[in-house]
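The primary structure of each chain is shown beneath.
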Amino acid sequence: MLLRFESLRKVGTVYVNPRNLKVNPLKLEDWRDLLALDEKTYGIYARTIYNPEERFLVTNEESERKAIKLSGLYRALLSSPEHFCGRENLEYQLKVGEFDGLPFANGFAGSKVALVGEAPGRRGCGRTGICFYRDASGMLLRGTLFSLGINPDFLYITNVLKCNPPENRLKGIPAGAYELLARELEILRPEKIFAIGRTAQRSLRKLGYDAIYLKHPAWYVRRGVREPSGEIIEEYSKIREVLNEWTL
């Protein structure tokens, strides 16, 4: 589950995980080249440093301790998946997933910022196990963050519900999902939490977290937005503002 920073390779201005690449890209100067990589040629996980076997980036002893605890929490999910996901959601996730295990979370275990979405999407996290990845809304989020000078792989990203609900329609959140998220955030202890979508905001509020609300990228996708521009960049710049506070 742990991914060590020193195992990554910097190409141009981006980082890649050599184990995610079928072949080395001929050209990779910036994030636009990274997100344009064809998965049939380079691999389904070529556009992120994560994969189902390497989900938590570690850079020092503190982040490694957190990553080990998060790995233990993931094993708890695997041992009681119906409790944490609900039977209907679990059964659907097992149908759409094309990897071993279940979706959980991914990112830098020492991140001060956590992004919390609603649930895995069928074409994205539900299929790959990586949050906000591959589908239209996931790649829009990643492109938007890169446009703001933020590498999305260096934040921590998770979902309230860990399994993809049937047909991407969330009918309700089982009590076990709240329990799992509470334990996850207790391990991570981020200084700022961003709720991606109203469901995430309500769920975090229920757990006692005053998260900063951002529209879900799917809201923009439904309105024809596929590339980062205008309103979504302005809205998601709140993340950049928070990060800037810590670098002044």
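Residues numbered from 1 in each chain as written. Predicted model: local features only at pLDDT ≥ 70, side-chain atom pairs only at ≥ 80, totals over all residues. Heavy atoms only, no water.

Time to look at the overall build of the chain. Scanning the chain from N- to C-terminus turns up eleven helices and nine strands. On C-alpha atoms alone, the chain measures out to a radius of gyration of 17 Å, which is about the 18 Å that the 2.2 N^0.38 rule sets for 248 residues. For the chain, the spread of C-alpha atoms along the principal axes amounts to about 45 × 40 × 35 Å. Residues classed as buried in the chain amount to 56% of the 248 residues present. Partitioning the contacts of the chain with sequence separation of at least 6, the portion at a separation of at least 24 is 69%. Taken as a whole, the chain presents about 11500 Å² of accessible surface, with 47% of it coming from carbon and sulfur. Computed over 38 positive and 31 negative side-chain charges, the inter-centroid distance for the chain is 3 Å. (Helix = DSSP H or I, 4+ residues; strand = E, 2+ residues; numbered from the N terminus. Rg over C-alpha atoms; globule rule 2.2 N^0.38 Å. Buried < 20%, exposed > 50% of the residue type's maximum accessible area, 1.4 Å probe, protein only. Contact = heavy atoms within 4.5 Å. Areas by Shrake-Rupley, 256 points an atom, 1.4 Å probe, with all protein chains shown as cover. Lys, Arg positive; Asp, Glu negative; His and termini not counted. Charge placed at Lys NZ, Arg CZ, Asp CG, Glu CD.)

Moving on, we get to the pattern of salt bridges. The tally for this structure, following the rule as stated, stands at 15 salt bridges. A salt bridge links Glu-39 to Arg-134, with the shortest nitrogen-to-oxygen separation between them at 3.0 Å. Of the two residues, Glu-39 is situated in helix α2 (residues 39-42) and Arg-134 in the loop between α6 (125-128) and α7 (136-147); the sequence distance between them amounts to 95 residues. The class for Arg-134 is partly exposed, based on a relative accessible area of 23%. For Arg-142, the salt bridge identified is with Asp-153, shortest N-O distance 3.0 Å. (Salt bridge = Lys/Arg side-chain N within 4 Å of Asp/Glu carboxyl O.)

Scanning the model with the defined rule gives eight aromatic pairs in all. Between the aromatic rings of Trp-31 and Phe-146, the centroid separation amounts to 5.8 Å while the plane-to-plane angle is 5 degrees, which identifies the pairing as stacked. Taken together, the residues span a long stretch of sequence, with Trp-31 in helix α1 (residues 31-35) and Phe-146 in helix α7 at a distance of 115 residues. In terms of burial, Trp-31 and Phe-146 fall into one category: buried. Seen from their ring centres, Phe-56 and Phe-104 are 6.2 Å apart, and the 90 degrees between their planes marks the pair as edge-to-face. Of this pair, Phe-56 sits in strand β4 (residues 56-58) while Phe-104 sits in the loop between α5 (87-96) and β5 (105-108); the two residues are 48 residues apart in sequence, bridging distant segments of the chain. With respect to burial, Phe-56 and Phe-104 carry one shared label: buried. Taken together, Phe-5, Tyr-15 and Phe-154 form an aromatic cluster joined through their ring pairs. Stacked on the ring of Tyr-74, the Lys or Arg Arg-55 has its end atom at 4.4 Å from the ring centre. (Phe/Tyr/Trp six-rings, centres within 6.5 Å; stacked < 30°, edge-to-face > 60°. Lys NZ or Arg CZ within 6 Å of the ring centre and 35° of its normal.)

Within the secondary structure, Glu-184 is located in helix α8 (residues 175-188). A distance of 2.8 Å separates polar atoms of two side chains, one belonging to Glu-184 and the other to Thr-158. Among all residues touching Glu-184, those that are not within four sequence positions of it are Leu-70, Leu-73, Phe-104, Ala-105, Tyr-156, Thr-158 and Lys-162. (Polar contact = N/O pair within 3.5 Å; in protein donor to acceptor, adjacent residues only side chain to side chain.)

Taken residue by residue, helix α9 (residues 198-206) has Thr-199, Ala-200, Gln-201, Ser-203 and Leu-204 as its buried positions. Looking at the buried residues of α9, the elements they touch are β6 (113-117), α8, β8 (192-196) and β9 (212-214).

Where helix α3 (residues 61-79) meets α8, the axes come as close as 9 Å, and the angle between the chain directions of the two elements is 170 degrees. The angle between α3 and α8 falls in the class roughly antiparallel. Residues Lys-66, Lys-69, Leu-70, Leu-73, Ala-76 and Leu-77 of α3 form the contact with α8, whose own contacting residues are Leu-180, Arg-183, Glu-184, Ile-187 and Leu-188. When grouped by side-chain class, the residues that make up the contact of α3 with α8 number seven nonpolar, no polar and four charged. (Axes fitted to C-alpha atoms, helices over the stretch in contact; angles between N-to-C directions. Parallel < 35°, antiparallel > 145°, perpendicular 65-115°, else oblique. Nonpolar A, V, L, I, M, F, W, Y, C, P; charged D, E, K, R; others polar.)

On to unusual backbone geometry. The residue Phe-132 is not glycine, and still its phi comes out positive at about 50 degrees. Following the sequence through the fold, Phe-132 ends up in the loop between α6 and α7. Assessed through its relative accessible area of 9%, Phe-132 is described here as buried.

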